[in-house]
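# Close look at the chain arrangement
Residue-level listing of the chains:
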Amino acid sequence: MSRSDVSSERESVLECAECLDPADAFALVGNETRLSILEALWATDDTPVSFSELRREVGMRDSAQFNYHLQKLTGHFIAQAEGGYAFKHAGEKVVRSVLAGSFNEHPTVEPFPVDGSCVACGGSLRAVYEDERLAIECPDCGQGHGEYAFPPGGLNDRTPDEIADAFDQRVRHLHCLAADGVCPDCNGRMRTSVVEDGACCLGVGVRVDHECVQCGHTLCSAAGLRLLDHSAVVSFHRERGVSLDERPYWTLPWCVSDEYTRVVERDPVRLEVRIPLAGDELRVTLDDDVDVVDTRIDAR
């Protein structure tokens, strides 16, 4: 049974007696004083933080007014504990979003060259940043090599090479979580499916789609991107003098092109990804949840 079947049959265990409507949640933090409280709590090394220390950090003299705003946050974004106040997960997410620049920064970055060559025409590649998304593309033929969300904070104090490296690491992390059934955005359940229609962020004929059943967050990729941290794939490369950690995903054709991927069965779905290297070829079989079910090495 696939993960999507399991998720459809399970009933949610979540019972929420004091859940906020999304609009009310945004209204709670849409206040300068309350945001300052969250930022002060983030900047304090020791938790819980006392009422008086928080008020001092925020710089608010009126104790009653400060307490009013503090209590608006308590229970939803921060928790009152013995000795003071500490973050709840939702409060940390708000501050991290501010620090990432998702709410208040709209930077522009000129396209810059990156390592590797186009899998379609062999031309040079570049990174293009627009609307908080970074894409690796070929300016000669237009072939895409992946386009994914990259918060503005990831651009701060980084050279183009460092931005490219951070993007590579982020993409690996996003797909590792998604393929394991965990939404990288909200931690909800991710549904995985194999699609053969040619329309994708990469323009490949066979792709893997991940969609969160909770928040609707989506990712798409070539099937090979799932294999970057698989032990058999890592060992195959290491034994031939290649460290996958040092190779951006877009320089590995089997991660961005379906030339090396084929559907070998459809009921149930089975994919085979070929990974050629140093005269040998690793063949990896995946199921419809893109879990590895078999590997073998063919000498060429």
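In the annotation of an unreviewed UniProt entry, the protein chain is listed under the name Helix-turn-helix domain-containing protein and assigned to Natrinema salaciae.

Moving on: the environment of Val94. Locating Val94 in the fold gives a position in helix 6 (residues 89–100). Residues Val94 and Glu39, spaced 55 residues apart in sequence, show a C-alpha to C-alpha distance of 9.3 Å.

Spatially, 7-8-9 is the arrangement adopted by the three strands of the open sheet, whose pairing is antiparallel. At either end of the open sheet lies a strand with only one pairing partner, and these are strand 7 (190–195) and strand 9 (218–221). Across this sheet, the average inter-strand angle for adjacent strands is 15 degrees, counted without regard to direction. Pairing between strand 8 (residues 207–212) and strand 9: four bridges, direction antiparallel. Within the sheet, the bridge partner assigned to His210 lies in strand 9 and is Leu219. Taken strand by strand, helix 7 (residues 160–179) contacts strand 7, strand 8 and strand 9, and its axis lies near 105 degrees from that of strand 9.

Below, the discussion takes up the side chain of His237. Position of His237 relative to the elements: it lies in helix 8 (residues 231–238). Apart from the residues lying within four places of it in its own chain, the contact partners of His237 are Val242, Leu244, Trp254, Ile275 and Leu277.

In terms of nonpolar packing, the biggest core is built from 50 residues, with Ile136, Phe167, Tyr249, Trp250, Trp254 and Ile275 touching the most fellow members. Among residues more than four places away in sequence, those in contact with Ile275 are Leu227, Val233, Phe236, His237, Trp254, Asp280, Glu281, Leu282 and Val284. The next biggest cluster of nonpolar side chains, apart from the first, holds 16 residues, and it includes Leu54, Ile78, Phe87 and Val95.

Let us now look at the state of the cysteines. Scanning all chains against the criterion turns up zero disulfides. No disulfide involves Cys118; its nearest neighbouring cysteine sulfur is the one of Cys141, lying 3.6 Å away. Of the residues examined, Cys118 reaches a relative accessible area of 5% and is grouped as buried. Looking at the unpaired Cys183, the closest cysteine sulfur is the one in Cys215, lying at 3.7 Å.

To continue, consider the pairing of strand 10 (residues 261–266). Bridge count between strand 10 and strand 11 (residues 269–277): five bridges; the pairing is antiparallel. Bridging from a neighbouring strand, Glu265 pairs with Arg270 of strand 11. With antiparallel pairing between neighbouring strands as the criterion, strand 10 and strand 11 make up a hairpin whose turn holds two residues.

Moving on: the packing of helix 4 (residues 51–58) against helix 5 (residues 63–73). One can describe the packing of helix 4 onto helix 5 by two numbers: an axis separation of 11 Å at closest approach and a directional angle of 100 degrees. When the interaxial angle is binned, helix 4 and helix 5 end up roughly perpendicular. Of the residues in helix 5, those in contact with Phe51, Leu54, Arg55 and Val58 of helix 4 are Ser63, Phe66, Asn67 and Leu70. Taken together, the residues of the contact of helix 4 with helix 5 sort by class into five nonpolar, two polar and one charged.

Rules used throughout
Residues numbered from 1 in each chain as written. Predicted model: local features only at pLDDT ≥ 70, side-chain atom pairs only at ≥ 80, totals over all residues. Heavy atoms only, no water. Helix = DSSP H or I, 4+ residues; strand = E, 2+ residues; numbered from the N terminus. Pairing = 2+ DSSP bridges. Axes fitted to C-alpha atoms, helices over the stretch in contact; angles between N-to-C directions. Contact = heavy atoms within 4.5 Å. Core = buried A, V, L, I, M, F, W, Y, C linked by side-chain atoms within 4.5 Å. Buried < 20%, exposed > 50% of the residue type's maximum accessible area, 1.4 Å probe, protein only. Disulfide = S-S within 2.5 Å. Parallel < 35°, antiparallel > 145°, perpendicular 65-115°, else oblique. Nonpolar A, V, L, I, M, F, W, Y, C, P; charged D, E, K, R; others polar.

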